[in-house]
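# Structure at a glance
If you want the building blocks of each chain, they are given just below.
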Amino acid sequence: MKLYLSLLAILFSFSLQAQEIDLPGDFLSKDFHKDRREKLRASLPVNSVVVFFANPVRNRARDVDYIYHQDPDFYYLTGYKEPDALLLIFKDKQIAANGTAYNEILFVQPRNAMREMWTGRRLGEQGTKDVLGFEQAFNNTEFKRYNVDFTKFDKVLFFDFFNDVRNDPRDSSDLYDMIVQFKTKVRYPEKSGTSLAVEPAKNNLDMKGLNDLMANLRGIKTKDEIELVRKAVSISCMGQVEVMKAIKPGMSEREIQGIHEFVYKKYQAEDLGYPSIVGAGHNGCILHYIDNYKPSVSSKELILMDLGAEFHGYTADITRTIPVNGKFSPEQKAIYELVLQAQEAAMKITKPGTPLRLNTDTCRAIINRGLVQLGIIKPGEKHLYFPHGVSHHIGLDVHDRGGSIMEEGNTITIEPGIYIPDNAACDKKWWGIAVRIEDDYLITKDGYEHLSKSAPRTVKEIEDMMKQPSAFDDFVLPDLDKMNTKKQN
Ligand code: GLY
Ligand code: MN
Ligand code: MN
């Protein structure tokens, strides 16, 4: 049996290698990732090394894991999408025992025919060299033997651990093991209450400095990254447009979510940048409402839809709020126009040099003044109708790394909102009105480009779009209860 399995494994590995890898050709290139590593190296302090770990695999239940998603910093610097990997980037050239000079090294999960038959292709050390262009790539089984004296560096930079990585007992060189080995190599001081492994010989461990270095780098998008953000944004706008045409009273929140996400898949978006938020009426007041369980949205309600397609790692973040029946009521319109006015005011000051925080302050001043004029609050009254900031970077993360002052090449959001829950301390005609308008922008030399402008945004644009026929009008599925899968009495 063992011999049979081994033969099967060998045959399978040949067949995998022989197959053409049918992948889209528009991923970021190996030159992009190499250039990012060079830029990071240039920003490192003298005599330093930086260490990145791949994201852990997370268990969903029993033998099912969550779909794997690489750590965005790791992906940005390597292009490697598999787990159980570790990257070292050195400021200066190192000399290996065999005399080879190198300044970066990537440890990856090894090829394994049986495991690949269950969970998919692995690059392995050779594939990592060929496809990702690393000169120094090794199987992660080698990390234990990797003999570098970390005490010789002035700084060893890495992000601190959360101690939440599972140990796979079948694998003695997985992420868990590499973290243990790394901690031993650098003499990582375990926190009090846990075993103090070894006193650090030298206080050269820096678990803070990488935040700024990575923010400076990732905040400014390259041309290739901007193209991917543009694509993610266009796909997400298309989802909003299709829902505006398709929505009808009586649909469920989840069905509406499904139309957005169907459009994403139609355009080959691999993932969502974050769980989709689709909340009708009062549900829209829950800022990160992802239950989306209301079975039937009512014709009197607004529905707030905050979703972002993730395309080749890059995500959009767009919110549209629309009336389920296609026409804003006077109260809905008043709140909507106030949020829009706030967003337009922030757009006017959006350019290099403006602190992101100023967008929030600008929107807050307009919204507070407007809420007083509508009689919803008294002048100076503290309230919870607009409890969040309005601008953040987007990219590989929906809340991406980046600086606090706008710079050319940033991709950011502007997203003011007003949320009036049922039973709020104001006239009940306002209850259950929740509006957020969120758009995505590229900061240019002297202003911005409005990336998400193809999603209707003004009251008129939305009402006009909602009058259009939809391809989904004819998409009618049978009633489940009438199907013969139901138990007959
Ligand atoms: N969708 C999360 C946010 O708007 O920040
Ligand atoms: Mn956002
Ligand atoms: Mn959002």
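These numbers were taken from a predicted model, which means no experiment stands behind them.

Calculation criteria
- Residues numbered from 1 in each chain as written.
- Chains lettered and ligands numbered in written order.
- Predicted model: local features only at pLDDT ≥ 70, side-chain atom pairs only at ≥ 80, totals over all residues.
- Heavy atoms only, no water.
- Donors = N, O, S within 2.8 Å, 3.2 Å for Na, K, Ca; no water.
- Tetrahedral: all angles 85-135°; square planar, octahedral: opposite > 155°, others 65-115°.
- Helix = DSSP H or I, 4+ residues; strand = E, 2+ residues; numbered from the N terminus.
- Near = heavy atom within 4 Å.
- Polar contact = N/O pair within 3.5 Å; in protein donor to acceptor, adjacent residues only side chain to side chain.
- Areas by Shrake-Rupley, 256 points an atom, 1.4 Å probe, with all protein chains shown as cover.
- Nonpolar A, V, L, I, M, F, W, Y, C, P; charged D, E, K, R; others polar.
- Buried < 20%, exposed > 50% of the residue type's maximum accessible area, 1.4 Å probe, protein only.
- Phe/Tyr/Trp six-rings, centres within 6.5 Å; stacked < 30°, edge-to-face > 60°.
- Lys NZ or Arg CZ within 6 Å of the ring centre and 35° of its normal.

For the manganese ion (ligand 2), every protein donor is listed as Asp 317 (OD), His 392 (NE2), Glu 415 (OE) and Glu 438 (OE), and the spread of their distances is 2.0 to 2.1 Å. For the manganese ion (ligand 2), the six donor atoms are set out with angles of 51 to 161° between them, so the coordination reads as irregular. Mapping the donors of the manganese ion (ligand 2) onto the primary sequence gives the spacing D-x74-H-x22-E-x22-E. Between the manganese ion (ligand 2) and the manganese ion (ligand 3) the interatomic distance amounts to 3.4 Å, and Asp 317 serves as a bridging ligand to the pair. With a gap of 23 residues between them, His 392 in the loop between α11 (356-373) and β15 (411-414) and Glu 415 in the loop between β15 and β16 (417-420) connect regions that are remote in the sequence.

Next up on the list: the site of ligand 1. Ligand 1 sits among Tyr 274, His 288, Asp 306, Asp 317, His 392, His 399, Glu 415 and Glu 438. One nitrogen or oxygen atom from the side chain of Asp 306 is found 3.1 Å from a nitrogen atom belonging to ligand 1. A distance of 2.6 Å is found between an oxygen atom of ligand 1 and a side-chain nitrogen or oxygen belonging to His 399. The protein chains hide 92% of the 200 Å² of surface that ligand 1 would expose on its own. Here the residues of the shell around ligand 1 sort into one nonpolar, three polar and four charged.

To continue, consider the coordination of the manganese ion (ligand 3). Perfect tetrahedral coordination of a metal by four donors corresponds to 109.5 degrees between them, and perfect octahedral coordination by six donors corresponds to 90 or 180 degrees. With distances of 2.0 to 2.3 Å, the protein atoms coordinating the manganese ion (ligand 3) are Asp 306 (OD), Asp 306 (OD), Asp 317 (OD) and Glu 438 (OE). If you look at the manganese ion (ligand 3), its six donor atoms make angles of 57 to 169° with each other, and the shape they trace is irregular. By relative accessible area, Asp 317 is classed as buried at 3%. The class for Glu 438 is buried, based on a relative accessible area of 0%.

Another aspect to go through is the packing of aromatic side chains. For the structure shown, the criterion picks out 22 aromatic pairs. These aromatic residues form a ring-pair network of at least three members: Phe 53, Phe 90, Tyr 102, Phe 150, Phe 153, Phe 158, Phe 161, Phe 182 and Tyr 188. The lysine or arginine in question, Lys 185, covers the ring of Phe 143, its NZ or CZ lying 4.9 Å from the ring centre. Here the basic side chain of Arg 364 rests over the ring of Phe 386, its NZ or CZ set 4.5 Å away from the ring centre.

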